[in-house]
Amino acid sequence: MGLFDRISRVVKANLNDLVNKAEDPEKILEQSVTDMQEDLVQLRQAVASAIATQKRTQTQYNQAESQSNQWQQRAQLALQKGDETLAREALVRKKSHAETAATLKASLDQQSAQVESLKRNLIGLESKISEAKTKKDMLKARISAAKAQEQLNNTIGTLNTGSSMAAFDRMEEKVLQIEARAGASAELAAGGSNLEEQFRLLESGGDVDDELAQMKAQLTGGSVSQGQLPAAGKTAAASNSESSPVIDAELEELRSQLNKM
């Protein structure tokens, strides 16, 4: 392979690559439809020109045919009048016009066929342009949809969804831990409150019992240890022999007061 051939192939390859990269499908479609419409304009002009030529040829053919018939009639008239020379000259003229008419007739037939072919091509091109416009709109819609899908895919590809979802999972776990600690704190607080309330009741009840025990000790002349109060019945029985009606009445009054408290 020669050096120039290799250089030519490299240049062509690079140019083709540049052209492929520079091609915009939407612009190419628009340009293709524009080119077809320009071809349609030229084809219409060609059809119009062919029809005009056909009509002109048709007129020339009609004139040549008319003159040929006219000279035919003159030749007959001259022959009827006995002027054979004039009849011969008329036939010569008639032949010339007849040959011209025959030539024009052949051209006219050819032009008619050409006009019909151009008309078919014109109709076909118009149909192709209409189809191309419809297809162009469809392809442009597909191009737009494909570009939108590509952009969406690129956007989704750049998002780190795995890391984001893992962060949500971690935060959910932390929320559950906080809720668990809050529930435990509430239970402990409730338990502590109940315990404090129980001790407060015991302590408040103990003061009354201690005071009552001291009163009984003073009345009986003895001492009663705190937390070991004798029953009311036993106390009354033990001091029954030493008690007086006045003391018993006072004791009952105290008991009544304590029960009302």
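Residues numbered from 1 in each chain as written. Predicted model: local features only at pLDDT ≥ 70, side-chain atom pairs only at ≥ 80, totals over all residues. Heavy atoms only, no water.

Undergrad: Explain the overall build of the protein chain here, please?
TA: Along the backbone of the protein chain there are six helices and zero strands. Secondary structure of the protein chain in N-to-C order comes out as α-α-α-α-α-α. Counting over 261 residues, the protein chain shows a buried share of 14%. Sequence separation of 24 or more characterises 72% of the internal contacts of the protein chain that already satisfy a separation of 6 or more. (Helix = DSSP H or I, 4+ residues; strand = E, 2+ residues; numbered from the N terminus. Buried < 20%, exposed > 50% of the residue type's maximum accessible area, 1.4 Å probe, protein only. Contact = heavy atoms within 4.5 Å.)

Undergrad: Even after reading the chapter, I still don't get the packing of aromatic side chains, so can you show me in this structure?
TA: Aromatic ring pairs are described here by two measures, namely the spacing of the ring centres and the angle between the planes. Overall, the coordinates contain zero aromatic pairs when judged by the stated rule. Here the basic side chain of Arg 74 rests over the ring of Trp 71, its NZ or CZ set 4.5 Å away from the ring centre. (Phe/Tyr/Trp six-rings, centres within 6.5 Å; stacked < 30°, edge-to-face > 60°. Lys NZ or Arg CZ within 6 Å of the ring centre and 35° of its normal.)

Undergrad: Got a minute to help me understand the side chain of Ser 68 in this structure?
TA: With respect to the secondary-structure elements, Ser 68 resides in helix 2 (residues 25-80). Beyond its immediate stretch of four places on either side in the chain, Ser 68 contacts Lys 94, His 97 and Ala 98.

Undergrad: Mind showing me how you'd approach the pattern of salt bridges here?
TA: Pairing is possible between side chains that carry opposite charge, provided their charged atoms lie close to one another. Evaluated as defined, the whole model comprises six salt bridges. For Lys 136, the salt bridge goes to Glu 30, with nearest N and O atoms at 3.5 Å. Remark: Glu 30 occurs in helix 2 and Lys 136 occurs in helix 3 (residues 84-158); sequence separation between them is 106 residues. The partner of Glu 126 in a salt bridge is Arg 44, with the nearest N and O atoms 3.0 Å apart. (Salt bridge = Lys/Arg side-chain N within 4 Å of Asp/Glu carboxyl O.)

Undergrad: So what exactly am I meant to see when it comes to the environment of Ile 129 here?
TA: Position of Ile 129 among the secondary structure elements: in helix 3. Its relative accessible area of 5% is what places Ile 129 among the buried residues. Sequence separation between Ile 129 and Asp 35 is 94 residues, and the spatial gap between their C-alpha atoms is 9.9 Å. The contact partners of Ile 129, leaving out residues within four places of it in the chain, are Met 36, Gln 37 and Leu 40.

Undergrad: Looking at this structure, I do not really get helix 2. What am I missing?
TA: Compared with an ideal rise of 1.5 Å per residue, which puts 56 residues at 82 Å, helix 2 spans 81 Å between its outermost C-alpha atoms and is within 8% of the ideal. Backbone geometry just after helix 2 places Gly 82 at a positive phi near 90 degrees. (Expected span 1.5 Å × (residues − 1).)

Undergrad: I would appreciate a short explanation of the side chain of Gln 111 in the present structure.
TA: When you line up the elements, Gln 111 lands in helix 3. What makes Gln 111 buried here is its relative accessible area of 13%. When sequence neighbours within four positions are dropped, the list of residues in contact with Gln 111 reads Thr 53, Gln 54 and Thr 57.

Undergrad: I'm lost on the nonpolar core in this one. Help?
TA: By size, the foremost hydrophobic cluster in this structure holds nine residues: Leu 40, Leu 43, Val 47, Ala 50, Val 115, Leu 118, Leu 122, Leu 125 and Ile 129. Of all elements in the fold, only helix 2 and helix 3 reach the threshold of two or more residues within this core. If one sorts the elements of this core by residue count, helix 3 sits on top with five residues. In contact with Leu 122, not counting residues within four places along its chain, are Leu 40, Leu 43, Arg 44 and Val 47. Formed by five residues, the second largest nonpolar core is a distinct cluster that contains Tyr 61, Ala 64, Leu 104 and Leu 108. (Core = buried A, V, L, I, M, F, W, Y, C linked by side-chain atoms within 4.5 Å.)

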